[in-house]
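# A closer look at the structure
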Amino acid sequence: MEDRLNIEIEEISKEFGTTAALFPVSLSIPSGTLVALLGPSGSGKTTLLRILGGLEYPSAGQVLFDGSDATGLSVQERRAGFVFQSYALFRHMTVFDNIAYGLRARPRKTRPPRAEIERRVTKLLDLIKAPYSAGRIPNLWPGALRQGVALARALAIEPRMLLLDEPFGALDAKVRKELRQGLRDIHDTTGLTTVFVTHDQDEAMELADLVVVMSMGRIEQVGKPEDIRARPRTEFVRDFISA
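Source: prediction; values computed, not measured.

A separate point is the sheet that holds strand β5 (residues 68-69). Pairing within the open sheet is antiparallel, and its four strands lie in the order β2-β1-β4-β5. On the outer flanks of this sheet lie β2 (19-29) and β5, each paired with one strand and no other. Its contacts with the sheet put helix α1 (residues 45-53) on β1 (7-16), β2 and β4 (60-65), and the angle it makes with β1 is roughly 120°.

Have a look at this one:
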């Protein structure tokens, strides 16, 4: 995929009423990078992800896409593909129809022709290694297929970035481990700038190009997985990584 996206987060903060969810944080995400936001519950990682996607707006600071201010852009204008822990798949639709939904739901002016939708969905079924699952119905889907369909649906709209919130959280440990390489392969194939939230340090260290360790609304450390492990810069990072 083309149209990669460089993201700059500049002094972003977020309050919900009198509660601070994010203190001013800054972060550079180079185009085509797979980034893990790693930290315990309440660290601010999901809030930051939602701000990137336009599901929340910051109380202060800016988000820049390729150097342009994107802070006030709508979800649609940001062209983000989302995968949530629940997957939010449609139980009355087949695999094919779930993946095609975002394309079919577009206004007539921007909706691709039927043949183009079929081409895209077929290609994505190959990408998630489920070429023969197009007609399957939800009550027959194993966990790995549900996760793959959620990813394919997010990719079908040809997003500029992929945002995943605990994408393996609904799966058991064995399946989660098996699917990590699948997500890495999909990222390498698409080249999309990808940000995923996780509390699982093994997941972050195995998958990400760049790990952002967060705690209590602040960024504690940013670095490559091997650097985070070898040279933790704060007591929190040292304790969290060694736990």
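Having put the structure on the table, let's press on.
We now examine helix α5 (residues 143-156). Compared with the 20 Å implied by 1.5 Å per residue over 14 residues, the 20 Å span of α5 between its first and last C-alpha is a close match. Counting buried positions along α5 gives twelve out of 14 residues, so the element sits mostly inside the fold. Within α5 the residues assigned to the buried category are G143, L145, Q147, G148, V149, A150, L151, A152, R153, A154, L155 and A156. One or two residues past the end of α5 sits E158, with phi positive at roughly 55°.

A separate point is the side chain of T193. Within the secondary structure, T193 is located in strand β8 (residues 193-198). From its side chain, T193 meets the backbone oxygen of L5 in a polar contact 2.5 Å long. Within the structure, T193 has its side chain in polar contact with the backbone nitrogen of G32 (distance 2.9 Å). Excluding anything up to four places from it in sequence, T193 contacts L5, I7, I29, P30, S31, G32, T33, R160, M161 and L162.

Counted according to the given criterion, the structure contains three aromatic pairs. For the pair F90 and Y101, a centre-to-centre distance of 4.6 Å together with 50° between the ring planes defines the contact as tilted. Separated by eleven residues along the polypeptide, F90 in the loop between β6 (80-83) and α3 (95-104) and Y101 in helix α3 bring together distant segments of the chain. Given a relative accessible area of 36%, Y101 falls into the partly exposed group.

So, on to the layout of surface pockets. Reported here for the largest pocket is a volume of approximately 580 Å³. Lining the largest pocket are 21 residues, with A80, F82, G102, R153 and I157 sitting closest to its centre. Secondary-structure elements contributing two or more residues to the lining of the largest pocket are α2 (75-78), β6, α3 and α5. If you tally residues by element for the lining of the largest pocket, the top one is β6, at four residues. Looking at the second largest pocket, its volume works out to about 280 Å³. Considering the residues around the second largest pocket, the lining is formed by 16 residues, among which L127, I128, K129, L179 and G182 are closest to the centre. Here the lining of the second largest pocket gets seven residues from one element, more than from any other, and that element is helix α6 (residues 173-190). For the lining of the second largest pocket, the residue count by class is nine nonpolar, four polar and three charged.

Thresholds, definitions, all that
- Residues numbered from 1 in each chain as written.
- Predicted model: local features only at pLDDT ≥ 70, side-chain atom pairs only at ≥ 80, totals over all residues.
- Heavy atoms only, no water.
- Pairing = 2+ DSSP bridges.
- Helix = DSSP H or I, 4+ residues; strand = E, 2+ residues; numbered from the N terminus.
- Contact = heavy atoms within 4.5 Å.
- Axes fitted to C-alpha atoms, helices over the stretch in contact; angles between N-to-C directions.
- Expected span 1.5 Å × (residues − 1).
- Buried < 20%, exposed > 50% of the residue type's maximum accessible area, 1.4 Å probe, protein only.
- Polar contact = N/O pair within 3.5 Å; in protein donor to acceptor, adjacent residues only side chain to side chain.
- Phe/Tyr/Trp six-rings, centres within 6.5 Å; stacked < 30°, edge-to-face > 60°.
- 1 Å grid on protein atoms, 1.4 Å probe; cavity = no way out; pocket = protein on both sides within 12 Å on 5 of 7 lines; lining within 4 Å.
- Points joined across faces, edges and corners; volume = space filled by probe spheres on them.
- Nonpolar A, V, L, I, M, F, W, Y, C, P; charged D, E, K, R; others polar.

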